[in-house]
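Residues per chain, in single letters:
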Amino acid sequence: MLMKNICLLLFIICLICSACGAPTAEMTTAPVADSDTTSLNTENAESSSTETPGDDSSEESSSIEKEDDQPDAEDFILLLTDLLNSVENPSDEDLVNIEADLELIRSVSESDYEIAESIARNWEELYLDPDYELIMHDGSEEATGLEDSGIPQGRGHAFIVLGYQLDNGEMADELKGRCDAAAAAARAFPESILVCSGGATGYNNPERHTEAGMMKDYLSNECGIDPDRIYIDERAMTTAENAANTFKILRENDIDSLTIVTSSYHLRWGEVLYNAVGAIYSQKYGYSADIISNYCYETGPEDERFLMDARFAAIQLAEILQLPEEIITELPQIEGYTPHPANIEWE
């Protein structure tokens, strides 16, 4: 009887041990935070953890797992921060830091690295190369400043004309200046197309006039440009959306090169974003359009915040990459501007 009781006791102990044993893998791995970053890594639609490297709580959160090929939004913010610092707080370590950021991204995803490297190299050319030249519209009828620009003749080239906020539903002088520059370029390259981008902006615009629509009317009616050469994007509300929306038009029309036409203070900011969208398009769709040159209406901004063009560029790069809002706000911010992932519909 005693032996029977001992056996029963041992059996109960085994049951208890089984119930209290090691937990399963699902119990030890915390769920990964969800965010839409498919534009960062076209090979993997899963999003990364938003844990901040170096945070005091990192040891407590070490159970959060991230697959090797998942994009890491924090790594991109680190790169964008160092790119911005190279302009706003330059130091001898800038290029070293940028290269380290790129290698960190590469260690996670080769496809993300390709996009990141394109962004970094273009930023270095535009903002850090003292020999980079802005070509100003000189008032000539046929854009004589573009004679040695390398822009090809033919319909495969597009001049991208970026919009400017409407004033009581009408074109401001600055927007007319951009169009005058674009018209001169169009006359110098008569087979090229023009793509005007800009939505319904400005206060007191009850008829919802769009920048692009009014630009097309001005170019055709006031500047004598054939309206059949002019394509429009009437949805963009930011420079980031300018880039994303017009690239779709370029792809649909088999355009293989482009020149950005905008105000002088806006050019670097705009080109940085067009280059980034181009890198994403190349990776997602196998389509590319080279940025050949620039053509600027020379002016300064009425709003002094636009003097922080590099900061706008960095924030809107994060928007194009569709990083989470809480990650984007880790970048230095601009008073009155609320960052948000760009309204981009990748096919």
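The shown structure was predicted, so the numbers you read here are calculated from the model rather than taken from an experiment. (Residues numbered from 1 in each chain as written. Predicted model: local features only at pLDDT ≥ 70, side-chain atom pairs only at ≥ 80, totals over all residues. Heavy atoms only, no water.)

Caption draft 1: A look at the overall build of the protein. The helix and strand tally for the protein stands at 11 helices and five strands. Each of the 347 residues in the protein was classed as buried or not, and the buried ones make up 50%. When contacts within the protein are restricted to residue pairs at least 6 apart in sequence, those whose partners lie at least 24 apart make up 74%. (Helix = DSSP H or I, 4+ residues; strand = E, 2+ residues; numbered from the N terminus. Buried < 20%, exposed > 50% of the residue type's maximum accessible area, 1.4 Å probe, protein only. Contact = heavy atoms within 4.5 Å.)

Caption draft 2: A look at the layout of surface pockets. Counted as a void, the largest pocket has a volume near 870 Å³. Lining the largest pocket we find 35 residues, and of these Y164, Q165, E211, M237 and F306 sit closest to its centre. For the lining of the largest pocket, the secondary-structure elements that each account for two or more residues are α6 (173-188), α8 (239-252) and α10 (309-320). Here the residues of the lining of the largest pocket are counted per class, giving 12 nonpolar, 14 polar and nine charged. By volume, the second largest pocket amounts to about 260 Å³. Along the wall of the second largest pocket there are 18 residues; nearest its centre are N122, N275, A289, D290 and I291. Looking at the lining of the second largest pocket, the elements that each hand over two or more residues are α5 (110-128), α9 (267-285) and β5 (290-297). With six residues, the top contributor of residues to the lining of the second largest pocket is α9. (1 Å grid on protein atoms, 1.4 Å probe; cavity = no way out; pocket = protein on both sides within 12 Å on 5 of 7 lines; lining within 4 Å. Points joined across faces, edges and corners; volume = space filled by probe spheres on them. Nonpolar A, V, L, I, M, F, W, Y, C, P; charged D, E, K, R; others polar.)

Caption draft 3: Structural detail: the pairing of β5. Note that strand β4 (residues 257-263) and β5 share seven bridges and pair parallel. Within the sheet, the bridge partner assigned to T262 lies in β5 and is C296. Crossover handedness for the path β4 to α9 to β5: right-handed. (Pairing = 2+ DSSP bridges. Right-handed = clockwise from strand over helix to strand, strands pointing away.)

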